[in-house]
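Listed below are the residues making up each chain.
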Amino acid sequence: MARTLGPLVLTSLLVGWGTPGWLLLGALTLAASYAMGPTARWAAGTRARRDVKRPAPVP
């Protein structure tokens, strides 16, 4: 669905809205890039806690 509607929404945003559309796209990209650090740390911490609870596999 995202591959089908993504280009349509992005094109209509950038062409239809002009400069405000470009600014909105830049703001969304900036927000997503700032969210990557905390999200990666959260995912690593969650994975580490889950691996500690899991018993070792029996050969």
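Scroll up for the structure.
Calculation notes
Residues numbered from 1 in each chain as written. Predicted model: local features only at pLDDT ≥ 70, side-chain atom pairs only at ≥ 80, totals over all residues. Heavy atoms only, no water. Helix = DSSP H or I, 4+ residues; strand = E, 2+ residues; numbered from the N terminus. Buried < 20%, exposed > 50% of the residue type's maximum accessible area, 1.4 Å probe, protein only. Areas by Shrake-Rupley, 256 points an atom, 1.4 Å probe, with all protein chains shown as cover. Patch = residues over 30% accessible without salt bridge, like charges linked within 9 Å, V, L, I, M, F, W, Y side chains within 5 Å. Salt bridge = Lys/Arg side-chain N within 4 Å of Asp/Glu carboxyl O. Polar contact = N/O pair within 3.5 Å; in protein donor to acceptor, adjacent residues only side chain to side chain.

Visitor: Lay out the overall build of the chain in plain terms, naming residues and giving numbers.
Guide: What the chain contains, in helices and strands, is 2 helices and 0 strands. Looking at the chain as a whole, 5% of its 59 residues qualify as buried. Accessible surface for the chain amounts to roughly 5300 Å². Of this, 73% is attributable to carbon and sulfur atoms.

Visitor: Now, about a nonpolar patch on the surface: what can you tell me, with residues and values included?
Guide: On the surface, a nonpolar cluster with roughly 440 Å² of combined accessible area is contributed by Met1, Leu5, Leu8 and Val9. For leucine 8, the position within the fold is in helix α1 (residues 2-17).

Visitor: Before we move on, can you summarise the environment of threonine 11 with the specific residues and values?
Guide: Looking at where threonine 11 falls in the secondary structure, it is placed in helix α1. For threonine 11, a relative accessible area of 46% translates into the label partly exposed. Taking C-alpha positions, threonine 11 is 9.5 Å from glycine 21, a pair spaced 10 residues apart along the chain. A distance of 2.7 Å separates a polar atom in the side chain of threonine 11 from the backbone oxygen of proline 7.

Visitor: Go over the environment of tryptophan 22 with me, naming the residues and quoting the values.
Guide: Inspection of the secondary structure assignment puts tryptophan 22 in helix α2 (residues 19-53). On the basis of relative accessible area, tryptophan 22 is assigned to the exposed category, the value being 53%.

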